[in-house]
Amino acid sequence: MDLDDIDRAILKALQNNGRITNAELAETVGLSPSACSRRLDLLEKSGVIEGYTAKISPDALGYKMTALVHISLSGQFARTLAEFEEAVRRCPNIIVCYMVSGQYDYILRVAAKDLKDYERIHRDWLSALPHVVQINSSFALRPIIERLNVDVDAAFTAPTA
């Protein structure tokens, strides 16, 4: 889908406030409420907007620790990957799982309450994942940046020298 300036304005407004009403959004981007609703519907149906969610603080729920876990598997066969990925989906503490290129096969972001809780997750979940031959864990000291979305404007502008 080709996005115009109004589409980008809609996306920016929603990134700033996902609970904005259609009337407020329409006023913000300079459309009538019905035209804004149609645009929003197109952005949703085309997959540009994947969904709406609330960002919940892990810290507020007692998850004070983030581990970045590098995983190596015994092979790259389709069945091996599928079985590992299926098992990863069942672990409630794995927040993100990326298949990556390079030295490791996957990188996981794991939420834990403390080091003892991470030990439990490592023992009961990570070590039990199928086809794993190496687990390398690092612990985040503090977040520097954590964007939920890409910058709408940056996606359409060339970098300056």
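The structure under discussion appears in the preceding block.
Presented here is a report on the structure given in the accompanying data block. Predicted model only: the values in this text are computed from it and were never measured. (Residues numbered from 1 in each chain as written. Predicted model: local features only at pLDDT ≥ 70, side-chain atom pairs only at ≥ 80, totals over all residues. Heavy atoms only, no water.)

## Looking at the packing of aromatic side chains
Enumeration according to the criterion identifies 2 aromatic pairs in this entry. Aromatic pair tyrosine 118 and phenylalanine 139: ring centres 5.1 Å apart, planes at 90 degrees, arrangement edge-to-face. Taken as a pair, tyrosine 118 in helix H5 (residues 115–126) and phenylalanine 139 in strand E4 (residues 132–139) lie far apart in primary sequence, 21 residues in all. For tyrosine 118, a relative accessible area of 5% puts it in the buried group. (Phe/Tyr/Trp six-rings, centres within 6.5 Å; stacked < 30°, edge-to-face > 60°. Helix = DSSP H or I, 4+ residues; strand = E, 2+ residues; numbered from the N terminus. Buried < 20%, exposed > 50% of the residue type's maximum accessible area, 1.4 Å probe, protein only.)

## Things to note about the pattern of salt bridges
Counting across every chain of the model gives 11 salt bridges. Between arginine 39 and aspartate 7 there is a salt bridge, and its shortest N-O distance comes to 3.0 Å. Separated by 32 residues along the polypeptide, arginine 39 in helix H3 (residues 33–45) and aspartate 7 in helix H1 (residues 5–16) bring together distant segments of the chain. Three or more residues are tied together by salt bridges with common partners; here these are Asp4, Asp7 and Arg39. (Salt bridge = Lys/Arg side-chain N within 4 Å of Asp/Glu carboxyl O.)

## Topic: H3
Its 13 residues give H3 an end-to-end C-alpha distance of 18 Å, which sits within 8% of 18 Å, the value for a rise of 1.5 Å per residue. Taken together, the buried positions of H3 are Ala35, Cys36, Leu40 and Leu43. Projection of H3 onto a plane perpendicular to its axis shows the buried side chains occupying an angular sector of 135 degrees, all on one side. Exposed side chains of H3 directed beyond 90 degrees from the buried face belong to Arg38, Leu42 and Lys45. Buried residues along H3 sit against H1 and helix H2 (22–29). (Expected span 1.5 Å × (residues − 1). Arc of directions from axis to C-beta. Contact = heavy atoms within 4.5 Å.)

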